[in-house]
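So the chains spell out like this:
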Amino acid sequence: MIHFENVGLRYGMGPEILRDLTFDIPKKSFQFLTGPSGAGKTTLLRLLFLSLKPTRGLIRMFDRNISTIPREEFPMLRRRVGIVFQDFRLLDHLTTYENVALPLRVRGKDESSYRADVLELLGWVGLGERINVLPPVLSGGEKQRAAIARALIDRPEILLADEPTGNVDPPMARRLLNLFLELNRLGTAVVIATHDLSLMDQVEARRMILSQGRLDIYE
Ligand SMILES: Nc1ncnc2c1ncn2[C@@H]1O[C@H](COP(=O)(O)OP(=O)(O)OP(=O)(O)O)[C@@H](O)[C@H]1O
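Okay, so let's go over this structure. Computed from a predicted model, the values in this text were never measured in an experiment. (Residues numbered from 1 in each chain as written. Predicted model: local features only at pLDDT ≥ 70, side-chain atom pairs only at ≥ 80, totals over all residues. Heavy atoms only, no water.)

Observations concerning the overall build of the protein
- Of regular secondary structure, the protein possesses seven helices and ten strands.
- Here the protein has a C-alpha radius of gyration of 17 Å; the compact-globule value for 219 residues is 17 Å, and the two agree.
- When its C-alpha atoms are laid out on the principal axes, the protein stretches across 45 × 40 × 35 Å.
- Residues classed as buried in the protein amount to 50% of the 219 residues present.
- Put simply, 69% of the contacts in the protein that link residues at least 6 apart link residues at least 24 apart.
- Side chains of the protein give 30 positive and 27 negative charges; the mean places of these two sets differ by 3 Å. (Helix = DSSP H or I, 4+ residues; strand = E, 2+ residues; numbered from the N terminus. Rg over C-alpha atoms; globule rule 2.2 N^0.38 Å. Buried < 20%, exposed > 50% of the residue type's maximum accessible area, 1.4 Å probe, protein only. Contact = heavy atoms within 4.5 Å. Lys, Arg positive; Asp, Glu negative; His and termini not counted. Charge placed at Lys NZ, Arg CZ, Asp CG, Glu CD.)

Printed below as a string of structure tokens:
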């Protein structure tokens with residue numbers, strides 16, 4: 001589904017943050033992306049979300065070479081990728097429901113076509129009672145789940161999550177992990193960037209380990 005070949009990335013004239021990354025992310029796969037702070041996990045997620053372009057190498061996404069895709073087609077491709085940012089990026093003046101529905105509203109969809117889906121998804125992530133609440137009132141775990149629901153509302157083929165358990169206690173981390181595993185069982189590929197060893201030890205999954213700009217993969 002996604003293929004990187006000798007991909008390198010530097011910011012401006014700075015040092016190369018990612019070097020010679022060659023790997024695949026297969027359809028319906030589940031993997032952790034880990035490595036020390038500053039190793040480039042967020043940078044790699046941004047490459048996968050097409051919000052950064054590599055400075056060298058080849059990236060194929062959904063069978064397309066991204067360097068030959070016109071910019072106007074990026075939003076369409078991005079729709080196939082869901083992302084949960086480290087800082088959630090919920091809009092504080094919109095309710096939980098409105099935040100989750102936003103990607104569809106922005107696309108001009110009629111509310112009657114998605115209302116039931118948004119409510120069902122909010123129920124699935126355990127926010128059925130919090131639909132009309134504004135984000136500042138939500139707990140860290142609730143914000144995290146709202147951000148996950150928003151990333152999923154457009155049924156992406158792959159979900160990228162940046163430190164999704166960074167702000168929650170261990171029971172909530174376990175719950176979120178179960179949510180990702182369930183999503184994966186339903187057919188979505190999942191990449192979880194995390195430092196959290198205890199989280200990774202709970203599942204036998206592929207580990208992508210970034211260190212000094214290079215990537216090692218343990219299947
Ligand atoms: N926009 C930017 N401009 C310049 N350098 C950047 C930029 N974003 C990140 N970096 C640098 O790239 C390196 C990798 O950062 P990145 O945030 O990808 O690491 P990370 O592994 O996600 O770290 P953490 O685990 O602490 O979140 C760091 O040295 C960082 O300072």
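On we go from here.
Side note on the site of the ligand
- As a matter of local geometry, the ligand sits amid Tyr11, Ile17, Pro36, Ser37, Gly38, Ala39, Gly40, Lys41, Thr42, Thr43, Gln86 and His195.
- Isolated, the ligand exposes 640 Å² of accessible area, and the fraction of that covered by the protein chains is 58%.
- Here the shell around the ligand gets three residues from one element, more than from any other, and that element is helix α1 (residues 41-48).
- Classifying every residue of the shell around the ligand gives four nonpolar, seven polar and one charged. (Near = heavy atom within 4 Å. Areas by Shrake-Rupley, 256 points an atom, 1.4 Å probe, with all protein chains shown as cover. Nonpolar A, V, L, I, M, F, W, Y, C, P; charged D, E, K, R; others polar.)

Topic: the pairing of strand β1 (residues 2-10)
- Taken together, the six bridges between β1 and strand β2 (residues 16-25) define a ladder with antiparallel strand orientation. Note on β2: the bridge partner recorded for Phe4 is Phe23.
- The antiparallel hairpin formed by β1 and β2 contains five residues in its connecting segment, where Gly12 sits at a positive phi of about 55 degrees.
- Note: β1 against strand β4 (residues 56-61), five bridges, orientation antiparallel. Within the sheet, the bridge partner assigned to Gly8 lies in β4 and is Arg56. (Pairing = 2+ DSSP bridges.)

Describing unusual backbone geometry
- Of note, Lys28 is a non-glycine position whose phi angle comes to about 60 degrees, a positive value.
- Positionally, Lys28 belongs in the loop between β2 and β3 (30-34).
- Of note, the phi angle at Arg89 is positive, near 55 degrees, even though the residue is not glycine.
- Assignment of secondary structure puts Arg89 in the loop between β6 (81-84) and α3 (96-106).

Points about the sheet that holds strand β7 (residues 158-162)
- Pairing in this open sheet of six strands is mixed, and the strands run β6-β7-β8-β3-β9-β10 from one edge to the other. With one partner strand each, in any of the chains shown, β6 and β10 (214-218) form the two edges of the open sheet. Strand after strand, the sheet turns through a mean of 15 degrees between neighbouring axes, direction not considered.
- As defined by bridge partners, β6 adjoins β7 across four bridges and the pair is classed as parallel. Bridged to Gly82 within β7 is Leu159.
- Of the strands in this sheet, β3, β6, β7, β8 (189-193) and β9 (206-211) are in contact with α1, which crosses β7 at around 155 degrees. (Axes fitted to C-alpha atoms, helices over the stretch in contact; angles between N-to-C directions.)

Looking at the pattern of salt bridges
- In total, this model carries 13 salt bridges according to the counting rule given.
- Here Glu157 makes a salt bridge to Arg80, at a shortest N to O gap of 2.7 Å. Here the residue Glu157 occupies a position in the loop between α5 (140-152) and β7, and Arg80 occupies one in the loop between α2 (74-78) and β6, the gap between them amounting to 77 residues.
- Residue classification places Glu157 among the partly exposed positions, given a relative accessible area of 28%.
- Between Arg185 and Glu182 there is a salt bridge; the shortest N-O distance is 3.1 Å. Linking Arg185 with Glu182, this pair stays in helix α6 (residues 170-185), spanning three residues, or about one helical turn.
- The exposure class of Glu182 is partly exposed, given its relative accessible area of 29%.
- Via salt bridges that share partners, Glu16, Asp20, Arg56 and Arg214 belong to a single interconnected network. (Salt bridge = Lys/Arg side-chain N within 4 Å of Asp/Glu carboxyl O.)

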